[in-house]
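Observations on the three-dimensional arrangement
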Amino acid sequence: MNPTPAPTPPPTSETVRRLVRALLSDDAAPGPGPDVRPVREGGGHHTWWVGRRHVLRLAPDRKASLRQRRELRLRGLIRPFVGGAVPVSVARGEWASGLSYTLDTKVPGVSGEEQAVSALGEADLADLLTGLREVPVRQAETLGVPRTAPRSLEDLRAGAVRAAGRIPAEEFDPARFDQLAAPAAVQLGAQTGPAVLVHHGLLGEHLVVSPDGRVRGVLDWTGTVIGDPAEDIAGLALAVGAPAAVRAATLAGYGARPCLRGLWLARCDTVIRLADHHRGGREPGRLPLLEARLARAWESILLERVTDLRDAPGDAP
C-alpha cells in the first residue's frame, strides 16, 4: 500500500511573490514586483491580494484543486446569463504538484458583510437568481456540477427547535418557532419541478458591493450544485436580511412557497449553528457573525406566518 502523501505546506509570501512575478512579468517594472498580502490575517494563507487589481487563490489540496478547476470551467458557462457577477481569471495553472491556482481580476467593492445592499442591489440579486435559473443544467452536469437532493425542512425544524434550548434565553426565544408549526414545515417541502443551478453560498462574504449598494460581483463558485433554488434564497436571507432576500426572489419570479421555504431554511440554520457554537465553538471570532446572521434571517416580513399554501398562486418556478 502506498503511503499517504504528506500535505503540502501553505504557500509563503516568497512563494507567492515568485509566482506573481512570473505571471505579471510584462506588467511589472524591474524590482520585487507587485505587493502581495494575505486576504485574512492568521493561519495558513491560500488567498492573496496582488497589488490593487488582482487576487490569487491557491488550492490547498487535490480535492480543492478539482473544485477550483470545475469552477473555472463553470464560470465560462454561466457568465452569459449572470453578466459581470462572475470574476475573470487572467492566469491559471499549478503552484505545486497537482495543486491549482487562479489569478483573478479584483472586483471593485467591499464584502457584503461591510456594506448594505441598496434597492438597486436587490435588483442585481434578482437578476442573478433569474440568470442562474436559465443556465442549461445538462451543460453544467457535463462540467461535473453535482446534483443535490432538497433538504427536509421538517427534519431541519425539529433539529432547530432542539438546538434553541442550548442558546441563552436573552439571545433567542424558542417561541419564535410557533410561526412555523410542524404541519406548515411539511407544506414548505421542496416542490417537484426542474432543478436549477444553485450557487449554494450566497453569503455576505461572497457578495462584492459598491459604495452605492450595487452588487458588483459574486465570489466562490466552488460549491455550486444543481438543486433547490430555495437554498440561494436562504443564503441571501443570511447576507442581506429576510425582507431584502424575499424582495429579490420575488423580483426574480419566485412565489410565496419557495420564498418562505428559503426563509425558514435560513432561520433554522442560524439557530443550529449558533447553538453549536455555544456548545463548544472553537472560533470565538465567529460569534458576532453568527449573531448578525441570526438577526438578519429573523427579520420580519409581511407574509410571516405560514398558513395553507396548497392553492397559493405564483409558487412557480
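In what follows, the structure referred to is the one given above.
Residues numbered from 1 in each chain as written. Predicted model: local features only at pLDDT ≥ 70, side-chain atom pairs only at ≥ 80, totals over all residues. Heavy atoms only, no water.

1. As for the packing of helix α3 (residues 119-134) against helix α7 (residues 230-240)
- Where α3 contacts α7, the axes come no closer than 12 Å and their chain directions differ by 160 degrees. In terms of orientation, α3 and α7 fall into the roughly antiparallel class. Classified by chirality, the crossing of α7 by α3 is right-handed. Here L125, L129 and L132 of α3 come into contact with α7, specifically with D232, L236 and V240. (Axes fitted to C-alpha atoms, helices over the stretch in contact; angles between N-to-C directions. Helix = DSSP H or I, 4+ residues; strand = E, 2+ residues; numbered from the N terminus. Parallel < 35°, antiparallel > 145°, perpendicular 65-115°, else oblique. Left-handed = near helix turned anticlockwise from the far one by under 90°. Contact = heavy atoms within 4.5 Å.)

2. Brief notes about the side chain of E122
- Relative to the assigned elements, E122 resides in helix α3.
- E122 sits in the buried class, given a relative accessible area of 10%.
- The contact partners of E122, leaving out residues within four places of it in the chain, are V117, A244, R247 and A248. (Buried < 20%, exposed > 50% of the residue type's maximum accessible area, 1.4 Å probe, protein only.)

3. Re the sheet that holds strand β1 (residues 36-38)
- The 5 strands are arranged β1-β2-β3-β5-β4 in an open sheet whose pairing can be described as antiparallel. Strands at the two margins of the open sheet, each flanked by one partner only, are β1 and β4 (89-96). Across the sheet, the mean angle from the axis of one strand to that of its neighbour is 25 degrees, orientation sign disregarded.
- Pairing between β1 and strand β2 (residues 47-50): 3 bridges, direction antiparallel. Bridge pairing in β2 places P38 opposite W48.
- Along the sheet face, helix α1 (residues 13-23) touches β1, β2, β3 (54-58), β4 and β5 (99-105) and points at about 120 degrees away from the line of β3.
- In the packing of helix α2 (residues 62-82) onto the sheet, the strands contacted are β3, β4 and β5, and the crossing angle to β5 comes to about 40 degrees. (Pairing = 2+ DSSP bridges.)

4. Description of the packing of aromatic side chains
- Taken as a whole and judged by the stated rule, the model has 5 aromatic pairs.
- Centre to centre, the rings of F172 and W298 are 5.1 Å apart; their planes meet at 65 degrees, and the pair counts as edge-to-face. Here W298 lies in the segment after α10 (287-297) and F172 lies in the loop between α5 (153-164) and α6 (182-187), a separation of 126 residues in the sequence.
- The exposure class of F172 is buried, given its relative accessible area of 1%.
- Take W298: its relative accessible area is 5%, and that puts it in the buried class.
- Aromatic pair F177 and W264: ring centres 6.4 Å apart, planes at 40 degrees, arrangement tilted. Residue F177 is located in the loop between α5 and α6, and its partner W264 is located in helix α9 (residues 256-280); the two are separated by 87 residues in the primary sequence.
- Ring-pair connections join several aromatic residues into one group, and the members of that group are F172, F177, W264 and W298. (Phe/Tyr/Trp six-rings, centres within 6.5 Å; stacked < 30°, edge-to-face > 60°.)

5. Here we look at the pairing of β5
- The element β5 is extensively covered by neighbouring structure, given that 6 of its 7 residues are classed as buried.
- The sheet contact formed by β3 and β5 spans 5 bridges and is antiparallel. In the sheet register, L58 faces β5, and the bridge partner there is Y101.
- One ladder, built from 6 bridges, connects β4 with β5; its direction is antiparallel. Each bridged residue has a counterpart across the sheet, and for E94 the counterpart in β5 is S100.

6. A few points about unusual backbone geometry
- We note that H200 has phi near 70 degrees; this positive angle belongs to a residue other than glycine.
- Here H200 is to be found in the loop between β7 (196-198) and β8 (207-209).
- Note on H200: relative accessible area 42%, which makes it partly exposed.
- At D220, a position not held by glycine, the phi torsion is positive, near 55 degrees.
- Structurally, D220 can be placed in the loop between β9 (215-218) and β10 (225-227).

Keep in mind that these numbers describe shape and distance, not what the molecule does.
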